[in-house]
Amino acid sequence: MDDWQFGPAQELRRAFILDDTKLGPIHWYRPGKSAAVVMSVDDVFPGTSQSAYESGGDLERGAIGRLLWLLERHKQLQLTLFVTPDWRRIAPVANRLWRHVPWLRDRVYLTSLLAKGTMDLRNHPEFVAFLNAMPRTEIAIHGLHHINQGHSVSVEFQKQDRASCARMLKEAIRIFEESGLRHVRGLQPPGWDCDLALQQACRDVGIEWVASARDIQTPVSKDARTAMSGLSGVSMLFPERIAPNLLHISTNFQATSAPERAFDILDAGGILSIKAHISKNVPGHLHLDGVDELYMNYLDRLFDDIEQRYGDAIEWTTLNQLANPLSASSSTSSPEYPAAQPIADRAA
Ligand SMILES: [Zn+2]
């Protein structure tokens, strides 16, 4: 047995958590498992086909219905939905005249916006109840309003200092809590960006993991490091501690990726981390990984192949379940990762 695959043991993991100097990738699965699959979906908010664009608000009649179809087809699959507490962005690209005016263009919103509160989860109880009832689905934070001043319309935490980031994250968590939406302590920063101020703010408010880096191009290997969107230089295949009490998990696969990339990641013992965006078409932009029938059919076929090729060796899990046993607040034993495994499991 490869100790790379199945270590460190529980006590070592505990020591690891308490030792802030140990940063870097973490290679660990439950006994019998040799790789993992997670899938996350960005930009979920109560927008319906009657508003600027559908983003989950049509419930089972819209994009969420297509996700439910995939969950029904693959009983081991689990989802992480990144939900924005009070979405305000209409177009993801700068479309206002101010964009041509130096100085000013960095200090105003350069895209058309929804009024504050329009998509606030507290005003959409049916949407919240529907998400809460979804099977095998966890909810994590995707910004506060998903807007930013200046040309980087979506990079919400850009240029904010630590205190501002913390204030925005606290407000996001408050809206989640007041709406009654169950959620986990994870963040996908809008626009992928996660600089030092945001990392520090995550720790200030109790967020334990972030999913910032996306790399769907770098060739697969155990040592591969991200070099595309968001954080660069972090592990492309494994959870990594990027700061004390803060884990990072990369995205390494999307609709435009070939199936071979998925198999290469699983063969390398990595976490196949699949990304989707809930909307396909938004004003001025087409999400290549939008949740349309084509992408869901592709994943359906891919999951069939993974189930056939790897059988029980795959841990079908979520970002939070990957991060939870490694985070500082978890106890020494977690239901997902019990310290002692039955012999039968070990023999798998
Ligand atoms: Zn987003």
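Structure's up top.
Residues numbered from 1 in each chain as written. Predicted model: local features only at pLDDT ≥ 70, side-chain atom pairs only at ≥ 80, totals over all residues. Heavy atoms only, no water.

A. Representation of helix H8 (residues 293-310) in the model. Taking 1.5 Å as the rise per residue, H8 with 18 residues should run 26 Å; its terminal C-alpha atoms sit 25 Å apart, in good agreement. Along H8, the positions that sit buried rather than exposed are Tyr295, Met296, Leu299, Asp300, Leu302, Phe303, Ile306 and Tyr310. If you follow the buried residues of H8, they end up packed against strand E2 (35-44), helix H3 (63-73), helix H7 (259-267), strand E9 (271-277) and strand E12 (314-316). Of the residues one or two after H8, Gly311 is the one with positive phi, at around 50 degrees. (Helix = DSSP H or I, 4+ residues; strand = E, 2+ residues; numbered from the N terminus. Expected span 1.5 Å × (residues − 1). Buried < 20%, exposed > 50% of the residue type's maximum accessible area, 1.4 Å probe, protein only. Contact = heavy atoms within 4.5 Å.)

B. Expanded view of the coordination of the zinc ion. For the zinc ion, the full set of protein donor atoms is Asp43 (OD), His142 (NE2) and His146 (NE2), at a range of 2.0 to 2.1 Å. All donors to the zinc ion come from one chain, and their sequence spacing reads D-x98-H-x3-H. Given the relative accessible area of 2%, His142 is considered buried. By relative accessible area, His146 is classed as buried at 3%. (Donors = N, O, S within 2.8 Å, 3.2 Å for Na, K, Ca; no water.)

C. Inspection of the packing of helix H5 (residues 162-179) against helix H6 (residues 196-205) at higher detail. As a packed pair, H5 and H6 sit with axes 8 Å apart at the nearest point and diverge in direction by 45 degrees. The angle between H5 and H6 places the two elements in the oblique class. As H5 packs across H6, the resulting crossing turns out to be right-handed. Contacts between H5 and H6 involve Arg162, Cys165, Ala166, Leu169, Lys170 and Ile173 on the former and, on the latter, Ala197, Leu198, Gln200, Ala201, Cys202, Asp204 and Val205. (Axes fitted to C-alpha atoms, helices over the stretch in contact; angles between N-to-C directions. Parallel < 35°, antiparallel > 145°, perpendicular 65-115°, else oblique. Left-handed = near helix turned anticlockwise from the far one by under 90°.)

D. Structural context of the packing of aromatic side chains. Taken as a whole and assessed by the stated rule, the structure comprises 5 aromatic pairs. Between Phe82 and Trp209, the ring centres sit 6.0 Å apart and the planes meet at 70 degrees, which makes this aromatic pair edge-to-face. Of the two residues, Phe82 sits in strand E3 (residues 79-83) while Trp209 sits in strand E6 (residues 209-210), which places them 127 residues apart along the sequence. By relative accessible area, Phe82 is classed as buried at 0%. (Phe/Tyr/Trp six-rings, centres within 6.5 Å; stacked < 30°, edge-to-face > 60°.)

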